[in-house]
Amino acid sequence: MTRLDDDVVVPDVRDRVGPAEWEARVELAACYRLVHHFGMTDLIYNHISSRVPGAEHHFLINAYGLLYDEVCASNLVKVDVEGTVIDDPLGWGINRAGFVIHGAIHRARPDAGCVLHTHTRAGIAVSAQRHGLLSINQQAMWFHDRVGYHDFEGIVLDLDEQERLIEHLGAYDTLILRNHGLLTLGPDVASAFQLMYFLEQSCRAQVDALAGGAELVVPPPAVAERSALQFRRPGREANEKQWSACLRLLDRRDPSYRR
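Residues numbered from 1 in each chain as written. Predicted model: local features only at pLDDT ≥ 70, side-chain atom pairs only at ≥ 80, totals over all residues. Heavy atoms only, no water.

Participant: Describe helix α2 (residues 96–108), listing the residues and the values that go with them.
Facilitator: An ideal rise of 1.5 Å per residue puts 18 Å on 13 residues; α2 measures up with 18 Å between its terminal C-alpha atoms. Maximal helix bending in α2 amounts to about 25°, located at H102. Looking only at α2, the buried set comprises F99, V100, I101, H102, G103, A104, I105 and H106. (Helix = DSSP H or I, 4+ residues; strand = E, 2+ residues; numbered from the N terminus. Expected span 1.5 Å × (residues − 1). Bend = angle between axes of the 7 residues up to and from the residue. Buried < 20%, exposed > 50% of the residue type's maximum accessible area, 1.4 Å probe, protein only.)

What follows is the structure, given as C-alpha cells:
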C-alpha cells in the first residue's frame, strides 16, 4: 500500500492484474491527470472510461469521490457494461448514474476503446447555443459536420434515454449534450483525449469570439470540410507524438498516476 495523501491510500494492484490491463490503467490514469491539468474537470463528477483488453468486456473508470488529480492506475475501478463493479480497490464504488452514458456507448460502439465526458464552462455554454459548434477556427474545423447533438432530458438517470443518446451519437466520435456538456470517444485513450482537448479549445474560442460582439468571419463549408479531411489524413503522426509529449509533462510534474 502507498499513499497519495492522508485520505487516499493506494492499494497494490499491479501484481494481481495482467500486463495489458496494467498498461490500460496507466494510460487512463494519465488521461484523468491531463484533463485536470488542462482545466476540464467538474470536482468529483464526470467519467473517463477505458476498455480492458480481453474477452470479458470490462472497463475501467474512476472511483466515486476522487478528484481527477488523485486518480492513479491502482485505484481505478473495473466494471462491466452495466456498471456492475468487478474490482474496486478502494471500496468507494462508482457514480452509477454517470455510467448510464458510458455503458450505453461501450455497449453500442465496440470501436469505443475510451469515452470521455466533461462539464466545462465553455462546453456547457456552446451546448446551450442553438447553432451548436461553429466552424470559425482551425481547430473547430476538425469537427465540421462530424458532431452529434442530444437534447437535454434531465440528469441522465433513466435507462430509456440510452437509446436516444446512441441514436444521436450515430457513427460520430463527438457528441454535444445540449445544456449539459461534451463527449468524445476513440479507439484508445490518446485519441479520445485529443478530440476532447481540441473540442474544448474550439468551444472556448467560440465563446470568446461571440462575446466580442464583432461580425464573425465564417469560412466556406468547402474549406471547413477540406480542413477536416486534412486533420484525418492517413499517416498523420501528430496524435502519437502529442500523447508522448503529454506523458512527459505528467512525469515531470507528478508521476504518481503510474502507481
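After that view of the structure, there is still more to cover.
Participant: Summarise helix α8 (residues 238–253); cite the residues concerned and give the values.
Facilitator: Between the first and last C-alpha of α8 there are 22 Å, a value that for 16 residues agrees with the 22 Å anticipated at 1.5 Å per step. The set of residues buried in α8 consists of N239, W243, C246, L247, L249 and L250. Each buried residue of α8 sits inside an arc of 155° when the element is viewed along its axis, so together they form one side. In this structure, α8 carries E240, K241 and R252 as exposed residues pointing more than 90 degrees from its buried face. On its buried face, α8 sits against α1 (19–37) and α6 (189–211). (Arc of directions from axis to C-beta. Contact = heavy atoms within 4.5 Å.)

Participant: A description of the pairing of strand β3 (residues 48–51) should follow, citing residues and the corresponding values.
Facilitator: Pairing analysis gives three bridges linking β3 to strand β7 (residues 114–118), with the strands arranged antiparallel. Looking across to β7, one finds that I48 is bridged to L116. Sheet analysis places β3 next to strand β4 (residues 59–61), joined by two bridges and oriented antiparallel. Its bridge partner lying in β4, S50 is registered against L60. (Pairing = 2+ DSSP bridges.)

Participant: Explain the pattern of salt bridges to me, using residue names and the numbers behind them.
Facilitator: Inspection of the entire model under this criterion finds twelve salt bridges. Close ionic contact of R25 with E21 constitutes a salt bridge, the shortest N to O distance being 3.0 Å. In this pair, R25 and E21 are both assigned in helix α1, four residues apart and thus about one turn of the helix distant. Each member of the pair, R25 as well as E21, is classed as buried. Ionic pairing is found between E225 and R146, a salt bridge with its closest N-O pair at 2.8 Å. Of the two residues, E225 sits in helix α7 (residues 221–231) while R146 sits in the loop between α4 (138–141) and β8 (148–150), which places them 79 residues apart along the sequence. One network of salt bridges, in which partners are shared, links E21, R25 and K78. (Salt bridge = Lys/Arg side-chain N within 4 Å of Asp/Glu carboxyl O.)

Participant: Tell me about the packing of α6 against α8, and please be specific about residues and values.
Facilitator: α8 packs onto α6 with a crossing angle of 90° between their chain directions and a minimal axis gap of 10 Å. With respect to their mutual orientation, α6 and α8 come out roughly perpendicular. Contacts between α6 and α8 involve V189, A190, S191, F193, Q194 and F198 from the first element and A238, N239, Q242, W243 and C246 from the second. For the contact of α6 with α8, the residue count by class is seven nonpolar, four polar and no charged. (Axes fitted to C-alpha atoms, helices over the stretch in contact; angles between N-to-C directions. Parallel < 35°, antiparallel > 145°, perpendicular 65-115°, else oblique. Nonpolar A, V, L, I, M, F, W, Y, C, P; charged D, E, K, R; others polar.)

Participant: Quick rundown of the sheet that holds β7? Include the residues and the values.
Facilitator: One open sheet accounts for eight strands, arranged β6-β5-β4-β3-β7-β10-β9-β8; its pairing is mixed. A strand with exactly one partner marks an edge of an open sheet, and here the two such strands are β6 (85–87) and β8. The mean angle between the axes of side-by-side strands here comes to 25°, regardless of whether they run parallel or antiparallel. Here helix α5 (residues 161–169) sits on the sheet and contacts β8, β9 (174–177) and β10 (181–186); the angle it forms with β8, its principal contact strand, is near 155°. Taken strand by strand, α6 contacts β3, β7, β9 and β10, and its axis lies near 150° from that of β10.

Participant: With reference to specific residues and values, describe the packing of aromatic side chains.
Facilitator: The tally for this structure, following the rule as stated, stands at nine aromatic pairs. Taking 5.4 Å as the distance between ring centres and 20° as the angle between the ring planes, the aromatic pair formed by W142 and F198 counts as stacked. You can see W142 sitting in the loop between α4 and β8 and its partner F198 sitting in helix α6, a full 56 residues away along the chain. This pair shows no difference in class: W142 is buried, exactly as F198 is. When the ring of Y197 is compared with that of F198, the centres are 5.1 Å apart and the planes differ by 90°; the resulting orientation is edge-to-face. Judged by its relative accessible area of 22%, Y197 is partly exposed. (Phe/Tyr/Trp six-rings, centres within 6.5 Å; stacked < 30°, edge-to-face > 60°.)

Participant: So what's going on with the packing of α2 against α5? Residues and values would help.
Facilitator: Two numbers describe how α2 lies on α5: the axes approach to 10 Å, and their chain directions differ by 60°. Judged on the interaxial angle alone, α5 and α2 are oblique. Here the hand of the crossing between α2 and α5 comes out right-handed. Here V100, I101, A104, I105, R107 and A108 of α2 come into contact with α5, specifically with Q162, L165, I166 and L169. Tallied by class, residues from the contact of α2 with α5 come to eight nonpolar, one polar and one charged. (Left-handed = near helix turned anticlockwise from the far one by under 90°.)

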